[in-house]
Amino acid sequence: MTRKILILNGPNLNLLGTREPEVYGTATLDDIVAGLVITAGERAELRHVQSNNEGELIEAIHQARDTSDGIVFNPGAFTHTSIALRDAVSGVEIPVVETHLSNVHAREEFRHTSYLTAVCVGVVAGFGANSYTLALEALLAHLDG
Ligand code: DQA
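Owing to the predicted nature of the structure, the values given are computational and were not obtained by experimental measurement.

Criteria and thresholds
- Residues numbered from 1 in each chain as written.
- Predicted model: local features only at pLDDT ≥ 70, side-chain atom pairs only at ≥ 80, totals over all residues.
- Heavy atoms only, no water.
- Pairing = 2+ DSSP bridges.
- Helix = DSSP H or I, 4+ residues; strand = E, 2+ residues; numbered from the N terminus.
- Axes fitted to C-alpha atoms, helices over the stretch in contact; angles between N-to-C directions.
- Buried < 20%, exposed > 50% of the residue type's maximum accessible area, 1.4 Å probe, protein only.
- Right-handed = clockwise from strand over helix to strand, strands pointing away.
- Parallel < 35°, antiparallel > 145°, perpendicular 65-115°, else oblique.
- Contact = heavy atoms within 4.5 Å.
- Nonpolar A, V, L, I, M, F, W, Y, C, P; charged D, E, K, R; others polar.

Another point: the sheet that holds strand β2 (residues 44–50). Across the sheet, which stays open at both edges, the five strands sit in the order β2-β1-β3-β4-β5 with parallel pairing between neighbours. With one partner strand each, in any of the chains shown, β2 and β5 (122–125) form the two edges of the open sheet. Across the sheet, the mean angle separating the axes of adjacent strands is 20° when strand polarity is ignored. Relative to β2, strand β1 (residues 3–9) is paired through seven bridges, and the arrangement is parallel.

Laid out in structure tokens, this is it:
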């Protein structure tokens, strides 16, 4: 069965490739999404949305309820601030995998708190661009039961 998966990226992730490469690596978001399409193969059809705007991310999550089987979600800095995104995730009842390039727990203390984790099926963090691949594999395995 071909799954429909939303790849959702929050603020500043459009800058990947040039943004703090020592923390986030040199792959661009386009490189990451192209790699995910190869990983998904026939198993999943991917849609990608990136926004720097909290409201647009909320709308994308609401829309996914009717259009996607699950979400690979890197909320960027909103991870650590947004109760509204948490409520959107818990409101739509489709599985979401929280995804981070960096190991947020090995960084500044303000990054150790996530408002999202408790309402996600799991978290992948710290593996650079590969975090997305691992998150997609985990989400597909979760959907396969
Ligand atoms: C991030 C980690 C966040 O703390 C940070 O604000 C980001 C990126 C990551 O992918 O490692 O923008 O989500």
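The structure having been displayed, the exposition proceeds.
Moving on to the pairing of strand β4 (residues 96–100). Extensive coverage of β4 is indicated by the burial of five of its five residues. Side-chain alternation along β4 places Val-96, Glu-98 and His-100 on one buried face and Val-97 and Thr-99 on a second face that is also buried. Alignment of strand β3 (residues 70–74) against β4, held across three bridges, turns out to be parallel. Within the sheet, the bridge partner assigned to Val-72 lies in β4 and is Val-97. With helix α4 (residues 83–92) bridging β3 and its parallel neighbour β4, the resulting β-α-β unit is right-handed. Here β4 runs beside β5; their pairing, made up of four bridges, is parallel. Across the sheet, residue Glu-98 finds its bridge partner in β5, namely Val-123.

Before going further, it helps to examine the packing of helix α3 (residues 54–67) against α4. Axis separation between α3 and α4 bottoms out at 9 Å; the angle between their running directions is 5°. As judged from the angle between their axes, α3 and α4 are roughly parallel. Contact residues: Glu-54, Leu-57, Ile-58, Ile-61, His-62 and Arg-65 in α3; Ala-84, Leu-85, Ala-88, Val-89, Gly-91 and Val-92 in α4. The residue inventory of the contact of α3 with α4, partitioned by class, reads eight nonpolar, two polar and two charged.

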